[in-house]
Amino acid sequence: SASMSGNGSPSSSSQEGSDSFFRSVLENVESVYLSRNPTAKSILELVQSADGGERICYDHLAFRTFGVDGHGIDSMASFFLDYGYKQMEELRFPAKKLKALWFSPPPSVSAANGGSRIHGPLPRVFISELLVDQMSPQAQEIIRKYVEISSSGYKYAALASALGTLTWKKPMHSEFQQLARESEYAAWTLVNGYALNHVTISTHRLKSNLSQINSLNRFIEENGFKLNSEGGLLKVSPDGLLLQSSTVADSMPFRFSDGAVEPVPCSYIEFAERLVLPQYKNLPNDEVKEFHRRDGFEVGNADKIFESTSQEQVTRAA
Ligand code: OOG
Ligand code: NI
């Protein structure tokens, strides 16, 4: 594309072509998310303008899936793997009956892609799945019914996410409620499908004092938004180097197949600050790159961030 300053060799220009397609898909995934989640949209605008107007970098994107018959992590991961992402560590959440994998992005071939937030360095990706085999027979029956209805839908997870459609038909309200009693993650996935679960603002890449996550948290609360309080507002990894926080999900009316219209939790927005690794602590600030910082995810942090869509957090007084 015209805005890119590659060296013009055939391999670099074909890579730029696929990169631009890949980013277009992510932009659609993002715009579905922004249109359904007014809190996330407002916060992105607010942080961007308070930070001096430069575009926000995403630390990661996250998706949820049903881990059964091909509909799990792999269904969404295949798109990212095809565009150069690498599979990294697995995380386990036995009490929630969840498993997650994260994927690291390929180095960016383009520095910018006019006008969108999916620009510059590509975000990490965090994909989780419900361990469906471990659910009660009743819950399994509901989940298996909808993944069967979707038939080959799992092959088009990224497409469903970019279009903002479910790959199965809408459930009945009673089915949603039954799943929610056993797993709020399951109920969320039944009504949101492959929709983007959250984007995460990379706070250390902000220019202002909001680059410190505690200042950003204060700023978010001062502006009237509610943060997930599970285990405290700030989630800190045991090594002290990965700091995370998140809002509670917006709720939106959902029309169930039996005609009931009830609010269901949609998506939230997260903030992550990755501190410089001890071996690089003497590097001058302007020489610190992303790879000098704490990478990856943390099971203890993630366990609490999952609660951003829970009834308890969504309905709690601010
Ligand atoms: C993912 C929660 C975990 C993180 O960054 O550790 C997470 C989810 O709610 O699906 O986002
Ligand atoms: Ni996250």
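Keep in mind that what you see is a predicted model, and the values were worked out from it rather than measured.

A. Representation of the packing of helix H6 (residues 173-182) against helix H7 (residues 184-192) within the structure. Two elements in contact, H6 and H7, have axes separated by 5 Å at closest approach and are oriented at 150°. When the axes of H6 and H7 are compared, the pair comes out roughly antiparallel. Taking contact as the criterion, the partners of Glu175, Phe176, Leu179, Ala180 and Glu182 in H6 are, on H7, Glu184, Ala186, Ala187, Leu190 and Val191. The residue makeup of the contact of H6 with H7, split by class, is seven nonpolar, no polar and three charged.

B. Representation of the site of ligand 1 within the structure. In the vicinity of ligand 1, the contacting residues are His60, Arg64, Phe126, Asn197, His198, Gln244, Tyr268, Glu270, Phe297, Ala302, Ile305 and Phe306. Take Asn197: an N or O atom from its side chain is 3.3 Å from an oxygen atom of ligand 1. The side chain of Tyr268 places a nitrogen or oxygen atom 2.6 Å from an oxygen atom of ligand 1. For ligand 1, the accessible surface in isolation is 320 Å², of which the surrounding protein chains cover 100%. Of all the secondary-structure elements, those providing two or more residues to the shell around ligand 1 are strand S1 (58-67), strand S10 (268-274) and helix H9 (299-305). Looking at side-chain class alone, the shell around ligand 1 contains six nonpolar, four polar and two charged residues.

C. Structural detail: unusual backbone geometry. Of note in this structure, Lys97 is not a glycine but carries a positive phi near 55°. By the secondary structure assignment, Lys97 is in the loop between strand S2 (86-93) and strand S3 (98-104). Using a relative accessible area of 29% as the deciding quantity, one classes Lys97 as partly exposed. Despite not being glycine, Ser151 has its phi angle at roughly 50°, a positive value. In this fold, Ser151 is placed in the loop between helix H4 (137-150) and helix H5 (157-163). Judged by its relative accessible area of 48%, Ser151 is partly exposed.

Calculation rules
Residues numbered from 1 in each chain as written. Chains lettered and ligands numbered in written order. Predicted model: local features only at pLDDT ≥ 70, side-chain atom pairs only at ≥ 80, totals over all residues. Heavy atoms only, no water. Axes fitted to C-alpha atoms, helices over the stretch in contact; angles between N-to-C directions. Helix = DSSP H or I, 4+ residues; strand = E, 2+ residues; numbered from the N terminus. Parallel < 35°, antiparallel > 145°, perpendicular 65-115°, else oblique. Contact = heavy atoms within 4.5 Å. Nonpolar A, V, L, I, M, F, W, Y, C, P; charged D, E, K, R; others polar. Near = heavy atom within 4 Å. Polar contact = N/O pair within 3.5 Å; in protein donor to acceptor, adjacent residues only side chain to side chain. Areas by Shrake-Rupley, 256 points an atom, 1.4 Å probe, with all protein chains shown as cover. Buried < 20%, exposed > 50% of the residue type's maximum accessible area, 1.4 Å probe, protein only.

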